[in-house]
Amino acid sequence: MKRPTGILRNTETGRFHPIPFRLAPSPSDHATNPEYQRHKSYGHHTEGFDSLEAAKQWIAEQENLSYVDMMWKWDGKDLPAMTQRFKVEPE
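This structure is a prediction, so every number in the text was calculated from the model and none was measured. Numbering of residues begins from 1 in every chain and follows the order in which that chain's sequence is written. This being a predicted model, a pLDDT of at least 70 is required before a residue's local features are given, and a value of 80 or more before pairs of side-chain atoms are given or counted; all residues contribute to the totals for chains, interfaces and linings. In computing side-chain properties, one takes all heavy atoms of the structure into account and sets aside hydrogens as well as water.

J.: I'm lost on the overall build of the protein in this one. Help?
T.: Helix and strand labels come from DSSP, where a helix needs a run of H or I of at least four residues and a strand needs a run of E of at least two; each type is numbered from the N terminus. Scanning the protein for helices and strands turns up 2 helices and 5 strands. Taken over C-alpha atoms, the radius of gyration is set against a globule rule of 2.2 Å times the number of residues to the power 0.38. Here the C-alpha atoms of the protein give a radius of gyration of 14 Å, agreeing with the 12 Å that 2.2 N^0.38 yields for 91 residues. For the C-alpha atoms alone, the extent of the protein along its principal axes is close to 40 × 25 × 15 Å. Relative to its full complement of 91 residues, the protein shows a buried share of 34%. By definition in these notes, contact holds between two residues if any of their heavy atoms fall within 4.5 Å. When contacts within the protein are restricted to residue pairs at least 6 apart in sequence, long-range pairs at least 24 apart make up 63% of them. Per-residue accessibility takes into account occlusion by the displayed protein chains alone, with areas from the Shrake-Rupley method and a 1.4 Å probe. Accessible area for the protein stands at about 5,900 Å²; split by element, carbon and sulfur atoms hold 48% of it. Treating the 12 positive side-chain charges of the protein as one cloud and the 13 negative ones as another, the clouds have centres 5 Å apart. When a residue's accessible area, from a 1.4 Å probe over protein chains only, is under 20% of the maximum for its type it is buried; when over 50% it is exposed; and in between it is partly exposed. This count recognises Lys and Arg as positive and Asp and Glu as negative, with His and chain-terminal groups excluded. Note that the charge is assigned to NZ on lysines, CZ on arginines, CG on aspartates and CD on glutamates.

J.: Can you help me understand the pairing of strand S2 (residues 16–23) in this one?
T.: On any regular strand, side chains alternate: one points to one face of the sheet, the next to the other face. Most of S2 sits out of view: 6 of its 8 residues are buried. Note on pairing: DSSP must find at least two bridges between two strands before they are called paired. Two strands pair when backbone bridges link them, and strand S1 (residues 3–10) and S2 are joined in this way by 5 bridges, in the antiparallel orientation. Note on S2: the bridge partner recorded for threonine 5 is proline 20. Linkage of S1 to S2, two consecutive antiparallel strands, is achieved through a turn of 5 residues, within which glycine 14 is found at a positive phi near 80 degrees. Bridging between S2 and strand S3 (residues 36–41) involves 3 bridges; their strand directions are antiparallel. From the neighbouring strand, phenylalanine 21 faces S3, where its bridge partner is serine 41.

In structure tokens form, the structure reads like this:
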């Protein structure tokens, strides 16, 4: 299964950092909506890219990542860690 990957926009430097997520279901996920399951971020492309297009291209070149059209602002200071729900696509 490909990991959903969005973009962090560093508001201090203007760079774009791909941030992938891993499946991390909670015990109640199946009771709510089994199509959308909880994922947690597990790092980000630390150097980042000068343009959104370059960041998307990098994601497309990775066999295990899938671009999701989501972007989050990040001040570049603390470690960006987040939890999101994504639709789980059948393999």
